There are 2 protein chains.
Amino acid sequence: MKVFMIGEAANHKDKLAAFLTTSCDIVPLPREAAQSSEFDSAISADDVVVSLRFSRRDGPAPDFRLMHVPGAGLDGIDMASVPAGTGICNVFEHEIPIAEFVMAAMLNWEIRPEALRASFTTDTWPDVYRSRVPHGEICGLTLGLVGFGRIGRTIARRARAFGMRIVAVDQFAEDTDGLADAILPPDRLPEMLAGADFLVIACPLTDRTRNLIGAAEFAAMKPTGVLVNVSRAPIVDEAALYDALSRRTIGGAVLDVWYGYPAGADDRVAPSRFRFEELPNAVCTPHSSAWTTRLPERRYAFIARNIDRLAAGEPLLNLVREPVPASRPAIQDTSVP
Amino acid sequence: MKVFMIGEAANHKDKLAAFLTTSCDIVPLPREAAQSSEFDSAISADDVVVSLRFSRRDGPAPDFRLMHVPGAGLDGIDMASVPAGTGICNVFEHEIPIAEFVMAAMLNWEIRPEALRASFTTDTWPDVYRSRVPHGEICGLTLGLVGFGRIGRTIARRARAFGMRIVAVDQFAEDTDGLADAILPPDRLPEMLAGADFLVIACPLTDRTRNLIGAAEFAAMKPTGVLVNVSRAPIVDEAALYDALSRRTIGGAVLDVWYGYPAGADDRVAPSRFRFEELPNAVCTPHSSAWTTRLPERRYAFIARNIDRLAAGEPLLNLVREPVPASRPAIQDTSVP
């Protein structure tokens, strides 16, 4: 068995090697191998391909065993280009840093540690000590989650330990772990908005969620309510958000995701039509919530475990597309002379 | 029943009134009533006194029912001045904001949200986005707790939800809630220090804990280890701490408690002999961890509940000194003519 790592994935060759117990060759391939059949002759039926992107112009690549995407999103994979007999797995793990980012955002909104730190000087200590202004707590506050999937539940597990009240809006989710105080259907979003101290967007961007939070939703929120978006910017109406923040209809926002991203090296795109970072009640960060040193470690440890399972004939984790067993052509059984 | 609220406690008269279901007069008394018998004649055997301080020069005050301290510390109460038949209760609740402060401190150490925020500008967005530097996570890190009392356990409950490993050093504590991975006796402190990514001081200052963390202990820590002190400064040797931080023997420190506090309005005391706030790896805050708007609300809600229990003849919560029932003098039974 060989493991081909294409493009960015090849940068993590050593991580995968460190976690694998199965003995196999790890072969880095250049970025072009994702789109070109030029390297296909090296790939055989027993092999694994690890890549965020995969497409073939002229029908599927030759058979291989497993396509392991080293991320959650499958938008880089052209399903028709992956042979039908090849299983496809993905990997998550980003819910952990995202949940940490969201918890830090809520705690910092209440505690304001940077202001406390800025106030501290040796020379003014007696005055600083005596004039301390009490801050807030997240204990007892209500966390409103839009979406109660993997990310929402990972946030909820942490928020619950702090004594927050958790109300999620989700059409399908069930609360098998008993993490939420309530899970409401989408038509009860206004009720959730009215009670939420923090409104955290934790759903995917789809046709149904685009502009889900607009002027009417901001009007339904508490005047102190804080939006935290770590999912996709367009779930929140850009102009309505700027309006709600600048007119202080809501308390504020922590924004880690944006309306424009650079496509290439020379793309001078703006993150938004509005300069959110100039608003004092907007905390703007550059899509950093899941951008941790440990995320690739955890992801490649998972992929290594899955390759070990494959080698041992055990069922794969996060199998998003089952391999279709190659049907034996009827002729094979009957044409024997 | 009357409830006398002395000095600072009297500022919270309305909070207590809002939470009480028992009908009783709430009487504010000036700060002097804590030390002077001048107001004692108003206090009768059925009454409650709420005060952080209480002392009488010439033996105990006249009998009253309950002394409720509106804080955890009893150092302001001269026990001999409180009549033997009077019960004494205290109140905690500060473990919640302290735990939130500690969790925020650890998350911020790893995530550095202020640096992320500072990096974000519309004009440099494409470069900022492409040159993001991965940050850390607390998941999987080891939290070393010095002390596993109320505060330590409240921190542990939250840290556990984040997937931290929790090792506490405590002579007496038992882990009835299964929150810690290990509770070690004090002689195994070096072992805990060697494994801790964060070392949180959560024990009281006593003769045994003064200077508990000194040069040898800093030397035993990981070079990336971070000290968080939300307890009392003198548990950590002042000069050894400055040395460890300035020479970068350890990764850093979050310091919310200090070596000097102003005693009166004109006291120009310094927080420390050293200017810790000038060290880039020291985060200094002015004893703010428990200084929240909700803390007095929660404390007076607790006190109101306890007064309601007293009125209903139910056992009191947080009874730190049982009332000694008045012994009927033998003479009373025999001297009847």
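Residue positions are given per chain, counting from 1 as you read along its sequence in written order. Following the order in which they are written, the chains are lettered starting with A and the ligands numbered starting with 1. The predicted nature of this model means local features are confined to residues of pLDDT at least 70 and side-chain atom pairs, given and counted, to a pLDDT of 80 or more, with totals for whole chains, interfaces and linings taken over all residues. With hydrogens and water stripped out, all remaining heavy atoms of the structure feed into the side-chain values.

1. Re the sheet that holds strand β2 (residues 25-29) of chain B
Residue and element names in this part refer to chain B. So the rule is basically this: At least two bridges found by DSSP between two strands are what make those strands a pair. Each helix is a run of H or I in the DSSP string that is no shorter than four residues. Each strand is a run of E no shorter than two, and both are numbered from the N terminus. For helices, the fitted axis covers only the stretch in contact; all axes are lines through C-alpha atoms, and the angles between them, taken along N-to-C directions, range from 0 to 180 degrees.
Taken together, the six strands give an open sheet; going across it, the order is β2-β1-β3-β4-β5-β13, and neighbouring strands pair in mixed fashion. Among the strands making up the open sheet, the edge pair consists of β2 and β13 (319-321). Here the average twist between neighbouring strands, direction ignored, is 25°. As paired strands, strand β4 (residues 66-68) and strand β5 (residues 87-89) are joined by three bridges and run parallel to one another. Counterpart to His 68 in the pairing with β5 is Cys 89.

2. Notes on the packing of helix α2 (residues 95-111) of chain A against helix α2 (residues 95-111) of chain B
Which entries qualify depends on this criterion: Angular relationships are summarised with four words: roughly parallel below 35 degrees, roughly antiparallel beyond 145, roughly perpendicular across 65 to 115, and oblique for the angles in between. In a left-handed crossing the near helix is turned counterclockwise from the far helix by less than a right angle, and in a right-handed crossing that turn is clockwise. Note on contacts: a residue pair qualifies if any of its non-hydrogen atoms lie within 4.5 Å across the two residues.
The contact between α2(A) and α2(B) brings their axes to 9 Å, and the two run at 125°. In terms of orientation, α2(A) and α2(B) fall into the oblique class. The two elements α2(A) and α2(B) meet at a crossing, and its hand is left-handed. Residues Glu100(A), Phe101(A), Met103(A), Ala104(A), Leu107(A), Asn108(A) and Ile111(A) of α2(A) form the contact with α2(B), whose participating residues are Glu100(B), Phe101(B), Met103(B), Ala104(B), Leu107(B), Asn108(B) and Ile111(B).

3. A closer look at the relation of the copies chain A and chain B
The following threshold applies: For this overlay, a least-squares fit was computed on C-alpha atoms, restricted to residues scoring pLDDT of at least 70 in both copies.
It takes a turn of 180° to lay chain A on chain B, together with a shift of 0.0 Å along the axis; the resulting RMSD is 0.1 Å. Considering both components of the superposition, the chain copies are consistent with a two-fold axis. When C-alpha distances to the rotation axis are compared across chain A, the minimum falls at Ala104(A), with a value of 2.9 Å. Both copies share a contact surface, since 100% of the interface residues of chain A are interface residues in chain B too.

4. Side note on the interface of chain A and chain B
The criterion, for reference: In this description, buried area is defined as the sum, over both parts, of the accessible area (probe of 1.4 Å) that is lost when the two are combined. By convention in these notes, a salt bridge is any Lys or Arg side-chain nitrogen within 4 Å of a carboxyl oxygen on Asp or Glu. For the purposes of these results, a polar contact is taken to be a pair of N or O atoms within 3.5 Å, where, inside protein, one atom must be able to donate a hydrogen and its partner to accept one; residues adjacent in sequence count only when each atom of the pair is a side-chain atom. Side-chain classes follow a simple rule in which Ala, Val, Leu, Ile, Met, Phe, Trp, Tyr, Cys and Pro form the nonpolar group, Asp, Glu, Lys and Arg form the charged group, and the remainder, Gly included, forms the polar group.
Across the contact, 67 residues belong to chain A and 67 residues belong to chain B. In this assembly, chain A packs against chain B so that about 6,000 Å² is buried in total across both faces, 59% of it on carbon and sulfur atoms. At the junction of chain A and chain B, the tally comes to six salt bridges. In this structure, Arg275(B) engages Asp123(A) in a salt bridge whose closest nitrogen and oxygen atoms are separated by 2.8 Å. Viewed at the interface, chain B and chain A are joined by 26 residue pairs in polar contact (both at pLDDT 80 or more). Counting only elements with at least two residues in the side of chain A that touches chain B, the list comes to α2, α3 (113-119), α4 (125-130), α5 (150-161), β12 (282-284) and α9 (294-312) of chain A. The element contributing the most residues to the side of chain A that touches chain B is α2(A), with nine residues. Grouping the constituent residues of the side of chain A that touches chain B by class yields 36 nonpolar, 15 polar and 16 charged.

Just geometry here; none of it tells us what the structure is for.
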